[in-house]
Amino acid sequence: MVLMNKKQILKILHQNKDEYVPRTKLASEVGISESQLAEAIDKLQKEGYVIDSSPDKGYCLSKIPNRLLPYELQRDLSTEYIGREVHYYSEVDSTNEVAKRLANEGAPEGTIVIAESQRSGRGRRGKKWLSPSGGVWMTIILRPDIPPAKAPQLTLVTGVAVAETLDEECKLDVGIKWPNDILIGEKKVCGILTEASISPQGLEYVVVGVGIDLNVDVKTFPPELRNGATSLKQELEKEIYSVKLVQRFLKNFETLYNDFKTGNFPKILKEWRKLSKTIGLNVEVHKKGKVVRGEAVGITNEGVLILEMDDGSLRKVISGECMHLK
């Protein structure tokens, strides 16, 4: 009930932004008492909304917090189903873990999990992924009707959606490092972690985790991570409004995901190849203690990296941690 009241209050205050709405009128339109209204306003102020109060004039919304609060995210969202159900947390161990639990409980396709920070964010191969406040830490639940072997292609679909969004919103030189890193120059700004749940009957669901260093202060990172990382705030030298960027990403992702489900992955892969910063470079791929070195000469229709070895032979690499060599 309190959540519904807050949404109704915000809707009315947004419609009258920078103007005062009398207490009696606001309480009446929401259908609550003035004391309940005061309690709800207090909660909204604690979430970061700047709501001015006047005994004579009532309440006035003067500033919206730069946080991925569900009401703000959904207010102007233009997607059909991606992001229509939002689970928001101030902090979690991992948005992917929360999403897997929700998926197992029957959460619909397009449900997203968002956290202000993660205590145990993970990258590929279980590597720790720093997830402090100021970033975008989000997981999308998907239920595509595809063979399990095609689930890894969703990492490439997501990579194109992120790269397109950062180009459109920030006008930055964005590229993709195979298989799941988004780069600005040679510095990582985003990581993607795709995990699938498979049963004897086939693919049950896929969760796609996206971590973007948005308004993160990279200087606070440990020295071993600082040099290879960047943030949008650092690149643009200003704070980025997170809601608009995430809304644009969700729309781009839905468009590409719909293409993927209707068999248009080759078209998406063509775009991925254009954005690739890996193809054409000498690389080193680490997997299960083994290292493979070669020139990245292409990527198959399944998203598998093709390396040309020193002897001229070609080798396919399905997965692993890729490092660009100077």
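Notes on the structure follow. (Residues numbered from 1 in each chain as written. Predicted model: local features only at pLDDT ≥ 70, side-chain atom pairs only at ≥ 80, totals over all residues. Heavy atoms only, no water.)

**Quick word on the overall build of the protein**
Okay, so step 1: When helices and strands are tallied, the protein shows 10 helices and 14 strands.
Okay, so step 2: Taking 2.2 N^0.38 as the reference for a compact globule, 326 residues should give roughly 20 Å; the C-alpha atoms of the protein span a radius of gyration of 22 Å, in line with that estimate.
Okay, so step 3: Per element, the accessible surface of the protein, about 15,800 Å² overall, is 48% carbon and sulfur.
Okay, so step 4: Placing the 47 positive and 45 negative side-chain charges of the protein at their respective mean positions leaves the two points 2 Å apart. (Helix = DSSP H or I, 4+ residues; strand = E, 2+ residues; numbered from the N terminus. Rg over C-alpha atoms; globule rule 2.2 N^0.38 Å. Areas by Shrake-Rupley, 256 points an atom, 1.4 Å probe, with all protein chains shown as cover. Lys, Arg positive; Asp, Glu negative; His and termini not counted. Charge placed at Lys NZ, Arg CZ, Asp CG, Glu CD.)

**Considering the pairing of strand β6 (residues 174-177)**
Okay, so step 1: Here β6 shows two buried faces, one formed by V174 and I176 and the other by G175 and K177.
Okay, so step 2: As defined by bridge partners, β6 adjoins strand β7 (residues 181-184) across 4 bridges and the pair is classed as antiparallel. By the bridge assignment for β7, K177 is matched with D181.
Okay, so step 3: Between the end of β6 and the start of β7, which pair antiparallel, lie 3 residues. (Buried < 20%, exposed > 50% of the residue type's maximum accessible area, 1.4 Å probe, protein only. Pairing = 2+ DSSP bridges.)

**Remarks on the state of the cysteines**
Linking two cysteines covalently through their sulfur atoms gives a disulfide.
Okay, so step 1: Here the structure, examined in full by the defined rule, presents 0 disulfides.
Okay, so step 2: The thiol sulfur of C190 is not disulfide-bonded, and the nearest other cysteine sulfur, from C170, lies at 12 Å.
Okay, so step 3: Unpaired in this structure, C322 has its nearest cysteine sulfur neighbour in C190, at a distance of 16 Å.
Okay, so step 4: Judged by its relative accessible area of 2%, C322 is buried. (Disulfide = S-S within 2.5 Å.)

**Here we look at the pattern of salt bridges**
Okay, so step 1: Scanning the entire structure with this criterion turns up 19 salt bridges.
Okay, so step 2: Put simply, K43 and E39 hold a salt bridge, and the shortest N to O gap is 3.3 Å. Taken together, the positions of K43 and E39, both in helix α3 (residues 34-46) and 4 residues apart, correspond to about one turn of that helix.
Okay, so step 3: Taking the relative accessible area as the measure of exposure, K43 reaches 32% and is therefore partly exposed.
Okay, so step 4: Residue E195 is joined to K100 by a salt bridge in which the shortest nitrogen-to-oxygen separation is 3.3 Å. Of the two residues, E195 is situated in strand β8 (residues 187-199) and K100 in helix α5 (residues 95-104); the sequence distance between them amounts to 95 residues. For the pair E195 and K100, a shared accessibility class is recorded, and that class is buried.
Okay, so step 5: The structure contains a network of salt bridges with shared partners spanning E72, R75 and D76. (Salt bridge = Lys/Arg side-chain N within 4 Å of Asp/Glu carboxyl O.)

**Quick word on a positive patch on the surface**
Okay, so step 1: A cluster of basic residues, K287, K288, K290 and R315, forms a positive patch at the surface.
Okay, so step 2: One can find K290 in strand β11 (residues 290-299).
Okay, so step 3: Residue classification places K290 among the exposed residues on the basis of a relative accessible area of 62%. (Patch = residues over 30% accessible without salt bridge, like charges linked within 9 Å, V, L, I, M, F, W, Y side chains within 5 Å.)

**Observations concerning the packing of aromatic side chains**
Okay, so step 1: One pass over the full model with this rule turns up 4 aromatic pairs.
Okay, so step 2: Seen in terms of ring centroids, Y257 and F260 are 6.4 Å apart; in terms of plane orientation they differ by 15 degrees. Their pairing is stacked. With Y257 and F260 both in helix α9 (residues 242-261) and 3 residues apart, this pair spans about one turn of that helix. Of the two residues, Y257 and F260, both sit in the buried class.
Okay, so step 3: Among the aromatic residues, those joined into a cluster by ring pairs are F249, F253, Y257, F260 and F265.
Okay, so step 4: In this structure, R23 is placed above the aromatic ring of Y59, and the distance from its NZ or CZ to the ring centre is 4.6 Å. (Phe/Tyr/Trp six-rings, centres within 6.5 Å; stacked < 30°, edge-to-face > 60°. Lys NZ or Arg CZ within 6 Å of the ring centre and 35° of its normal.)

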